[in-house]
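# Tertiary structure, described
So the chains spell out like this:
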Amino acid sequence: MPAPSSRPWLGAAALLLAATTVSAEGPFRNRDNKDPKDAGEGTYPVPYQLPKVEEVSEVLGRVRAYLDAATATRVIDRETGAPITDFSKPNPNAVADRGEQQAFNDLDYTMGVVHSGMLLAGEATGDARFRAFTARHLEFIGDRLPYFRAQAAQYGVTRNSFRAILEPAALDDSGSMCAALIKAHLAGVGPDLQSVIEVWADWVHRKQFRLVDGTLARQRPQAESLWSDDFYMSIPALAQMGRLTGDRAYFDDAVRQVLQLSRHLFNRERGTYMHGRNMNQPDNPEFYWARANGWAMMSMVELLEVLPADHPGREQVLEYLRAQIESVATLQSGSGLWHQMLDKADSYLETSASAMFVYSMARAINRGWISAVGYGSVAQAGWNAITTRVNPRGQVEGSCVGTTFASDHVYYYNRPATVYATHGYGPVLLAGAEMIRLLQNDRFRIESKLRTYHYVPKAPTTP
Amino acid sequence: MPAPSSRPWLGAAALLLAATTVSAEGPFRNRDNKDPKDAGEGTYPVPYQLPKVEEVSEVLGRVRAYLDAATATRVIDRETGAPITDFSKPNPNAVADRGEQQAFNDLDYTMGVVHSGMLLAGEATGDARFRAFTARHLEFIGDRLPYFRAQAAQYGVTRNSFRAILEPAALDDSGSMCAALIKAHLAGVGPDLQSVIEVWADWVHRKQFRLVDGTLARQRPQAESLWSDDFYMSIPALAQMGRLTGDRAYFDDAVRQVLQLSRHLFNRERGTYMHGRNMNQPDNPEFYWARANGWAMMSMVELLEVLPADHPGREQVLEYLRAQIESVATLQSGSGLWHQMLDKADSYLETSASAMFVYSMARAINRGWISAVGYGSVAQAGWNAITTRVNPRGQVEGSCVGTTFASDHVYYYNRPATVYATHGYGPVLLAGAEMIRLLQNDRFRIESKLRTYHYVPKAPTTP
Amino acid sequence: MPAPSSRPWLGAAALLLAATTVSAEGPFRNRDNKDPKDAGEGTYPVPYQLPKVEEVSEVLGRVRAYLDAATATRVIDRETGAPITDFSKPNPNAVADRGEQQAFNDLDYTMGVVHSGMLLAGEATGDARFRAFTARHLEFIGDRLPYFRAQAAQYGVTRNSFRAILEPAALDDSGSMCAALIKAHLAGVGPDLQSVIEVWADWVHRKQFRLVDGTLARQRPQAESLWSDDFYMSIPALAQMGRLTGDRAYFDDAVRQVLQLSRHLFNRERGTYMHGRNMNQPDNPEFYWARANGWAMMSMVELLEVLPADHPGREQVLEYLRAQIESVATLQSGSGLWHQMLDKADSYLETSASAMFVYSMARAINRGWISAVGYGSVAQAGWNAITTRVNPRGQVEGSCVGTTFASDHVYYYNRPATVYATHGYGPVLLAGAEMIRLLQNDRFRIESKLRTYHYVPKAPTTP
């Protein structure tokens with residue numbers, strides 16, 4: 001007696017998948033097809049259409065409005081939750097309010113991405129409220145830094161809300177926010193936080209643990225471990241420091257991280273990054289976690305944005321970026337999003353990585369690093385799908401929570417996805433902002449033809 | 001609060017897939033297993049059995065009967081739908097009736113495949129009604145060509161039903177029907193359409209846009225684009241012209257197209273063809289659309305069928321064919337059909353490509369180009385699955401509609417599949433006809449043993 | 001009208017998969033996470049936790065208790081089922097009782113794996129009942145061999161229950177049980193069965209059909225066919241014979257089988273074994289059946305266990321083992337089990353192969369052949385999943401039935417999975433026993449940190 005017979009519902013479901021899958025009826029129909037009876041036009045599980053700039057702006061505005069409401073810039077009593085307004089002497093219970101569900105930490109690396117996204121969205125939309133968000137948060141940091149410094153002096157730093165500034169101890173503490181602070185500074189947003197920038201840049205460039213060859217590394221989970229996350233936790237900060245100071249040593253270090261981390265973490269045959277590698281692990285099962293790939297891809301884009309045109313490492317960075325994008329485009333799901341494990345179609349569709357890819361591809365097209373012909377519609381389809389993950393409140397749904405470098409698929413497949421995984425917000429802002437630039441890009445025409453989209457260069461020699 | 005908790009049905013369904021999938025109970029049991037209680041025999045979502053020649057013939061007859069009824073060979077008024085029988089002077093509203101749902105265009109490339117299928121099914125079954133179908137349609141073309149020519153002279157060619165003959169403008173207009181007309185002519189079916197053959201052969205061989213190296217190309221979606229569809233839109237016509245005229249220039253051109261298109265479109269590591277490549281797109285995400293692979297595979301088979309044994313390109317063509325078949329066999333789904341995107345098991349199961357593969361593999365076995373040992377049961381399993389897609393009316397279900405060369409998975413995954421996608425009919429006729437030849441092939445025994453099938457060569461040295 | 005519209009339930013289901021898959025809610029939560037409100041902790045479809053030795057022992061005991069009850073060691077009348085106790089003269093109807101559902105054949109190759117598992121579980125748990133199981137069965141063989149020999153002499157061997165001893169004719173008859181008998185003998189379990197060991201070893205080492213180069217082969221399904229199953233049907237027996245006799249010719253033959261079978265059957269790019277290869281089949285679609293890979297992996301582990309450290313083939317065997325394990329770890333599903341077709345996530349999750357992989361990986365870690373860092377949590381996750389397949393009665397669910405080397409996916413995908421596929425029992429016993437050793441291994445610490453597990457070497461240079 002075969003096992004399944006006691007579970008008839010399984011038989012039916014598996015049968016459905018195995019044998020009779022046909023194309024699905026989705027709720028969306030391509031609005032750019034003007035023939036409502038066209039039998040060659042199907043339906044879609046997500047919008048499949050040319051986005052309009054004002055629609056993208058509306059999504060960005062919705063996310064911003066949510067973050068405006070959900071994030072706090074105030075000090076509260078950790079036990080009572082009551083606001084603290086007397087900053088004349090330190091209160092041991094004083095903490096920075098993390099807002100809705102206590103999910104939004106002002107100094108978190110995910111907040112660094114949010115600020116980068118707000119600044120870019122402000123530029124792309126011209127709406128001053130994006131910059132105002134960042135200004136409000138950076139002012140809070142500047143205003144309260146003396147207070148938390150005093151609290152640390154008196155009560156120790158362990159539970160101090162500003163511990164990442166007072167005693168940074170990891171790339172997660174420093175790199176992402178450092179890059180955001182420099183961007184804000186150069187854009188004239190927020191107060192002077194030069195001293196904080198210096199603390200964090202110093203950590204990234206000089207104090208973080210490295211392999212003997214200079215590759216940035218962690219001492220967890222093993223004695224020497226490389227993480228693809230650390231692309232973003234270091235390279236944007238180094239790149240922005242190069243831009244800020246003109247000191248090429250920062251660019252050299254940033255390029256070195258791309259090349260050396262990639263040598264260990266990039267699988268050339270697959271075109272994707274593994275999440276991490278332990279140096280005490282000679283044989284290595286590889287786990288292609290989507291967000292790890294998002295961090296790597298975004299970081300190369302951030303670096304190329306400011307890297308001097310004559311830097312000798314530029315071509316090699318471009319080569320890694322192109323190889324990764326080519327593979328990631330092919331791994332896009334039929335809904336436009338990407339899977340939690342990039343190469344596993346039975347893992348869930350994850351928002352934060354999808355947004356990172358859309359941002360990176362759109363930016364790379366806009367800068368001429370990759371072909372609009374090949375990637376324009378991939379980015380567009382990705383953006384359309386992302387819009388279904390922004391709910392009416394402006395929350396970003398479906399992002400994987402904070403995820404450590406692990407060694408088995410069971411862990412990765414089953415990370416929860418939630419609106420309080422703050423990893424999704426910054427990437428969605430970045431993606432939307434860069435999509436606006438893509439839609440406005442005048443080097444190509446976007447043709448809606450035969451039910452799909454073609455990005456056609458205006459000059460025949462433009463890729 | 002994780003996002004999924006608000007959608008409990010999602011949790012259950014995803015759990016089902018992720019964790020508890022066991023073998024499915026399907027409605028079919030292998031009839032060749034004579035022990036009804038055999039615990040080692042499961043059930044199948046499709047028939048798994050040795051097909052009988054008379055069963056294959058019945059399926060072919062059902063499809064033919066449907067096409068006999070659903071296709072028209074008459075002229076109607078485009079507005080009223082009323083038949084037009086006075087051909088003494090052109091009526092501006094006169095169009096060729098396209099039959100049921102106006103889906104069946106007499107000059108369409110899919111009709112070229114249907115005629116090739118009817119001719120082969122006629123040979124394999126000995127049933128004269130298959131040839132009669134083709135004779136009826138070709139007579140209609142011959143009879144009405146003067147009328148539509150006069151209509152074009154008076155009213156312009158744009159909306160003329162015979163525009164593809166009067167002013168061919170694309171490989172889609174010409175190659176597939178050209179090949180069918182030559183096959184019919186050499187089989188003594190239908191009227192003399194030599195002038196039409198010449199117009200179309202001239203377009204394929206001399207007028208269609210090409211790259212400077214002679215590779216057939218299109219000027220859409222980009223300035224220079226290669227399409228795997230164009231294997232079938234050119235190579236069978238060129239091969240048949242070689243056969244018809246004895247002029248080796250046609251064979252040389254056909255071989256050149258296989259080799260040059262393959263150089264650009266065949267991914268050797270994956271063993272599959274990408275749908276297309278834009279020459280202005282240096283980096284290229286690759287989309288392995290099933291039907292594109294079907295066109296390529298069928299075309300190599302059609303060419304090898306008539307290519308002189310001593311042609312210097314023969315071995316290279318064989319090599320591409322074998323490499324593709326090896327990979328495609330491995331990509332066959334657990335139901336015997338193939339997926340819309342060959343490498344994506346979460347894309348739907350598509351009929352037209354599946355039939356193209358079954359035809360091509362069965363023919364390649366019958367000709368000794370590939371091993372019956374390795375591919376006999378793949379073709380057989382494919383055919384069994386295809387029979388579930390022919391409904392009682394003889395309609396072929398589950399074929400993807402006409403699909404342009406696009407640049408994102410969202411488009412490809414969501415093409416509708418319908419009985420009015422005429423792409424499925426010809427391949428099903430071809431597949432069934434060649435399966436009859438496979439079942440009758442006396443170079444091997446088909447053993448039903450231990451619940452599966454083995455194609456065992458009678459002579460030990462026969463592959 | 002697209003086909004799916006007449007099947008609205010399909011649309012919904014496919015849509016679910018295509019577009020909205022998010023992380024699933026499973027019934028299990030990691031018990032090692034002490035914060036019940038931790039938003040970063042999700043739920044799992046299987047237990048995700050550090051197993052305790054006593055829990056593993058309980059599972060092993062449950063399986064043993066079931067097998068104790070379900071297997072028989074008695075002779076019955078094949079027609080009436082009544083016990084036969086008079087062994088003074090042969091009864092033509094006498095057969096060995098196969099126990100529950102007549103599924104458990106005392107001489108079957110799957111019973112050889114069960115005995116190996118019982119012996120190892122006895123060692124790991126210290127529970128004498130495991131050895132007692134094997135002792136009971138081997139005594140039955142020794143006690144009844146004269147009776148069945150006499151029956152064969154009088155009535156012919158064809159339907160004789162001990163035919164595999166009296167007239168072995170295949171590797172399936174001999175190798176697995178031969179290895180188990182030697183292990184039992186060297187562990188002092190059961191009676192003296194030296195004569196049976198010799199018959200079977202002689203078959204494997206000298207009588208089984210081979211290719212001219214000495215590779216063990218079968219004459220089915222084609223004239224010369226190589227099977228990955230034959231790794232286990234020969235190599236453990238040859239390895240144990242080398243251990244028993246000290247004759248290096250056995251080790252040489254065992255190593256030769258690994259290397260020569262692997263040369264034909266191992267796909268280096270994919271890192272997996274195909275089920276088989278027919279030597280009269282030049283082009284070969286490859287089917288990566290999970291259990292075939294389990295047989296190969298277990299056999300390399302069994303060989304390395306006893307192969308002299310200075311054997312010249314040792315490094316090459318290790319190399320194949322490591323390459324296969326690296327790939328198989330990456331193919332583990334999100335539930336910890338592996339799929340029936342290793343590379344096909346839409347094929348069902350299969351128990352016997354999963355248990356073979358867990359056993360082999362845990363053993364390879366325990367022996368220092370592969371890295372605990374890389375594979376400890378893979379084995380652990382696999383074991384946790386396997387425990388969900390052992391039901392309260394101690395039956396092992398979800399194992400694929402006996403499966404011949406076939407040539408199409410439809411066959412493989414649709415093999416039934418049942419508790420009476422005896423292939424799962426031995427591997428589960430082996431896996432659990434070796435997991436106990438892994439949990440007790442003092443070369444590393446198993447850290448539960450950030451919701452996952454890290455196997456951290458105590459000495460920095462230990463892999």
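Look a little higher up for the structure.
These numbers were taken from a predicted model, which means no experiment stands behind them. (Residues numbered from 1 in each chain as written. Chains lettered and ligands numbered in written order. Predicted model: local features only at pLDDT ≥ 70, side-chain atom pairs only at ≥ 80, totals over all residues. Heavy atoms only, no water.)

Attention now goes to the packing of aromatic side chains. Tallied over the full model, the rule gives 63 aromatic pairs over all chains. Judged by centre distance (5.5 Å) and plane angle (75°), the ring pair of Y147 of chain A and F148 of chain A falls under edge-to-face. Side by side, Y147 of chain A and F148 of chain A carry an identical accessibility label, which is buried. Among the aromatic side chains, those forming a connected cluster through ring pairs are Y44, Y48 and Y453 of chain A together with F287, W289, Y411 and Y412 of chain B. The ring of F87 of chain B has R144 of chain B sitting right over it, with the charged end atom 3.6 Å from the ring centre. (Phe/Tyr/Trp six-rings, centres within 6.5 Å; stacked < 30°, edge-to-face > 60°. Buried < 20%, exposed > 50% of the residue type's maximum accessible area, 1.4 Å probe, protein only. Lys NZ or Arg CZ within 6 Å of the ring centre and 35° of its normal.)

The end-to-end C-alpha distance of helix α15 (residues 425–440) of chain B is 23 Å, a good match for the 22 Å that 16 residues give at a rise of 1.5 Å each. A large share of α15 of chain B lies buried, amounting to 14 of its 16 residues. (Helix = DSSP H or I, 4+ residues; strand = E, 2+ residues; numbered from the N terminus. Expected span 1.5 Å × (residues − 1).)

Okay, the nonpolar core next. In this structure, L67 and L303 of chain B are the most contacted members of the largest nonpolar core, which totals 151 residues. If sequence neighbours within four positions are ignored, L67 of chain B has contacts with F104, V114, M118, F133, R136, Y425 and L429 of chain B. One finds Y44, F130, I235 and V390 of chain C within the second-largest nonpolar core, a separate group that totals 150 residues. (Core = buried A, V, L, I, M, F, W, Y, C linked by side-chain atoms within 4.5 Å. Contact = heavy atoms within 4.5 Å.)

Our focus in this paragraph is the side chain of H275 of chain C. All names here are of chain C. One can find H275 in the loop between β6 (272–273) and β7 (276–278). Looking at H275, the relative accessible area reads 1%, which means it is buried. In terms of polar contacts, H275 uses its side chain to reach the side chain of Y412, at 2.6 Å. When near neighbours in sequence (up to four residues on either side) are disregarded, H275 contacts L226, W227, S228, D229, F287, W289, A292, T403, T404, F405, A406 and Y412. (Polar contact = N/O pair within 3.5 Å; in protein donor to acceptor, adjacent residues only side chain to side chain.)

Okay, unusual backbone geometry next. For the peptide bond that leads from R220 of chain A to P221 of chain A, omega is 0°, which places it in the cis range. Structurally, the position occupied by P221 of chain A is in the loop between α7 (194–207) and β4 (225–227). Of note in this structure, L450 of chain B is not a glycine but carries a positive phi near 50°. Summarising the element assignment, L450 of chain B is placed in the loop between β10 (444–449) and β11 (452–457).

This part is about the packing of helix α8 (residues 229–245) of chain B against helix α10 (residues 290–306) of chain B. What describes two packed helices is the angle between their axes and the distance between those same axes. All names here are of chain B. Close contact between α8 and α10 brings their axes to 8 Å; oriented N to C, the two are set at 10°. Classified by the interaxial angle, the pair formed by α8 and α10 is roughly parallel. Between α8 and α10, the residues in contact are D229, F231, Y232, M233, I235, P236, A239, Q240 and R243 and W295, A296, M298, S299, E302, L303 and V306, respectively. Residue composition of the contact of α8 with α10, grouped by class: eleven nonpolar, two polar and three charged. (Axes fitted to C-alpha atoms, helices over the stretch in contact; angles between N-to-C directions. Parallel < 35°, antiparallel > 145°, perpendicular 65-115°, else oblique. Nonpolar A, V, L, I, M, F, W, Y, C, P; charged D, E, K, R; others polar.)

All names here are of chain A. Reading across the sheet, the three strands line up as β2-β1-β3 and stay open at both edges, with antiparallel pairing between neighbours. A single partner strand is all that each edge strand has here, and the edge strands are β2 (83–84) and β3 (94–96). Sheet topology places strand β1 (residues 75–77) next to β2; two bridges connect them, and they run antiparallel. Bridge pairing links V75 to I84 in β2. Together, β1, β2 and β3 form the strand contacts of helix α4 (residues 128–155), whose direction differs from that of β3 by roughly 150°. (Pairing = 2+ DSSP bridges.)

With that settled, the discussion passes to the sheet that holds strand β3 (residues 94–96) of chain C. Residues and elements named next belong to chain C. Within the open sheet, the three strands sit side by side as β2-β1-β3. Their pairing is antiparallel. What marks the edges here is a single partner per strand, and that holds for β2 (83–84) and β3. The strands touched by helix α4 (residues 128–155) are β1 (75–77), β2 and β3; relative to β3, the strand with the most contacts, the crossing angle is about 150°.

Attention shifts here to the pattern of salt bridges. Residues and elements named next belong to chain B. Tallying each qualifying case throughout the model produces 78 salt bridges over all chains. A salt bridge links R218 to D172; the nearest nitrogen and oxygen atoms lie 3.1 Å apart. Remark: D172 occurs in helix α6 (residues 171–186) and R218 occurs in the loop between α7 (194–207) and β4 (225–227); sequence separation between them is 46 residues. The exposure class of R218 is buried, given its relative accessible area of 7%. The partly exposed category is assigned to D172, whose relative accessible area is 21%. In this structure, E350 and R291 form a salt bridge, with 3.6 Å as the shortest nitrogen-oxygen distance. (Salt bridge = Lys/Arg side-chain N within 4 Å of Asp/Glu carboxyl O.)

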